[in-house]
Amino acid sequence: MSSAQQIDQAAADQRAGRLPGLPSGAGVGVALMLSSALANQVGAAVGALAFPVIGAVGVVAVRQWVAGIVLVGVVRPRPWRLTAAQWRPVLLLAVVFATMNLSLYAAIERIGLGLAVTLEFLGPLGVALAASRRRRDLVCALVALAGVVALSRPQPTTDHTGIALGLLAAACWAGYILVNRQLGARVPGGTGPATAAGLSALLFLPVGIVVLVAHPPSLVVAGYAVTAGVLASAVPLFVDLLALRRVPAGAYGVFMSIHPVIATVVGLVVLGQGQPWDAWLAIAAIVGANVAGQLPARRPAG
């Protein structure tokens, strides 16, 4: 296939909502999204182990600091070279990133990992529905939504504040997807996410210091929070940017329904949170929707 044909094929894939490029390129996109989801949920579970000592705010503060230090140290951005048009998505991503993490961890602290992640997933699912251009994409998103609803049933709660925090995290995640995609188009390389991570870390500097001074953590607890920062902040922020440069926002939103699945498995392994058989049926529905959503559209013969 010539270069011109590859460009035409990528444009057709983009319009159809498929993973762009050749099969190997599609595999890279899927691998990136899966790695991001796994790191995110393992980090969330490990961070939850530190809640009894420093609370959700303390864990999130450490997460943001670690993410900022890692990304700024690795990428070494030069924010003074950014234009006004480039600064807008950077600032917006910093605020969205900080709010998303704080609301999610506050929800996890109140209603548990599984239900909080399930509620948060409504954000990318909403992006998938809004960006859908094919009937099959819409059906896959609806099947994934049904699976998420069923997955939340084994863990009912009357904690309305926790539910509201989970929905706030969902709205922030939807914004994170769209802003990160815009950022990738405006700012080359890792300068954008690294700068946003550094700004987000600065936002949590005062409150984090107050929490840690009032509730000094042990080395083990501090290790939990630092691990959460690496796995659930630094890794996904950069990997998601790479993934969103390879897949449409709608396809990303559908694939991210894997998060409740991974959260369920991680909750079982790390936190000892088992699930009944109907929850596993819901997981199967979500995975099936993902598989169907990633299959290329059938081309007419001839």
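About the cut-offs
Residues numbered from 1 in each chain as written. Predicted model: local features only at pLDDT ≥ 70, side-chain atom pairs only at ≥ 80, totals over all residues. Heavy atoms only, no water. Helix = DSSP H or I, 4+ residues; strand = E, 2+ residues; numbered from the N terminus. Expected span 1.5 Å × (residues − 1). Buried < 20%, exposed > 50% of the residue type's maximum accessible area, 1.4 Å probe, protein only. Axes fitted to C-alpha atoms, helices over the stretch in contact; angles between N-to-C directions. Left-handed = near helix turned anticlockwise from the far one by under 90°. Contact = heavy atoms within 4.5 Å. 1 Å grid on protein atoms, 1.4 Å probe; cavity = no way out; pocket = protein on both sides within 12 Å on 5 of 7 lines; lining within 4 Å. Points joined across faces, edges and corners; volume = space filled by probe spheres on them. Phe/Tyr/Trp six-rings, centres within 6.5 Å; stacked < 30°, edge-to-face > 60°. Polar contact = N/O pair within 3.5 Å; in protein donor to acceptor, adjacent residues only side chain to side chain. pLDDT = per-residue confidence, 0-100. Core = buried A, V, L, I, M, F, W, Y, C linked by side-chain atoms within 4.5 Å.

Our next topic: helix α8 (residues 191-203). The end-to-end C-alpha distance of α8 is 19 Å, a good match for the 18 Å that 13 residues give at a rise of 1.5 Å each. Across the 13 residues that make up α8, a large majority, 10, are buried. Along α8, the residues classified as buried are T191, G192, P193, A194, T195, A196, A197, G198, S200 and A201.

Glancing now at the packing of helix α3 (residues 51-75) against α8. Where α3 contacts α8, the two axes come as close as 8 Å, and the packing angle between them is 145 degrees. α3 and α8 meet at a crossing whose hand is left-handed. Touching Q64, W65, A67, G68, L71, V72 and V75 of α3 are T191, P193, A194, A197, G198, S200 and A201, all from α8.

So, on to empty space enclosed by the protein. Overall, the coordinates contain two cavities of 30 Å³ or more when judged by the stated rule. Put simply, the largest cavity is a space of about 140 Å³. Lining of the largest cavity is provided by 15 residues; of these, N40, M100, N101, E120 and A232 occupy positions nearest its centre. Those elements that provide at least two residues to the lining of the largest cavity are α2 (23-48), α4 (84-111), α7 (160-186) and α10 (219-244).

Take S200: it is sitting in helix α8. The residues touching S200, leaving out its near neighbours within four places in the chain, are Q64, A94, F97 and A98.

Here the structure, examined in full by the defined rule, presents two aromatic pairs. Taking the centre distance of 5.9 Å and the plane angle of 80 degrees together, the rings of F51 and Y105 count as edge-to-face. Here the residue F51 occupies a position in helix α3, and Y105 occupies one in helix α4, the gap between them amounting to 54 residues. With a relative accessible area of 10%, F51 lands in the buried category. Taking 6.4 Å as the distance between ring centres and 25 degrees as the angle between the ring planes, the aromatic pair formed by F97 and Y176 counts as stacked. In this pair, F97 sits in helix α4 while Y176 sits in helix α7, placing the two residues 79 residues apart along the sequence. A relative accessible area of 4% places F97 in the buried class. Under the relative-accessibility criterion, Y176 is labelled buried at 3%.

Another point: the environment of S103. As for its position among the elements, S103 is in helix α4. Accessibility expressed as a relative area gives 3% for S103, which makes it buried. As for S103 and G166, which are separated by 63 residues in sequence, their C-alpha atoms are 6.6 Å apart. Residue contacts for S103: discarding those within four places in its chain leaves L165, L168 and A169. Only 3.5 Å separates the side chain of S103 from the backbone nitrogen of A169, close enough to count as a polar contact.

With respect to the element layout, N40 can be found in helix α2. Judged by relative accessible area, which is 17%, N40 ranks as buried. Spatially, the C-alpha atom of N40 lies 6.5 Å from that of P236, the residues being 196 residues apart in sequence.

Take the confidence of the model for the chain next. Model confidence for the chain is summarised by a mean pLDDT of 77, while 80% of its residues fall at 70 or above. This model gives residues 1-24 a pLDDT under 50, and the stretch forms 33 contacts once residues within four places in sequence are excluded.

Looking now at the nonpolar core. As a rule of thumb, soluble globular proteins bury nonpolar side chains together. Grouped together as the largest cluster of nonpolar side chains are 72 residues, with contacts concentrated most on F51, I54, Y105, I108 and Y176. By residue number, the principal contributor to this core is α4, which donates 12 residues. Apart from the residues within four sequence positions on either side, I108 is in contact with A44, A48, F51, L113 and A116.

Take the side chain of T191 next. Among the structural elements, T191 can be located in helix α8. Overall, T191 belongs to the buried group, its relative accessible area being 18%. With residues up to four places along the chain from it excluded, the contact list for T191 reads V75, P77, R78 and L82.

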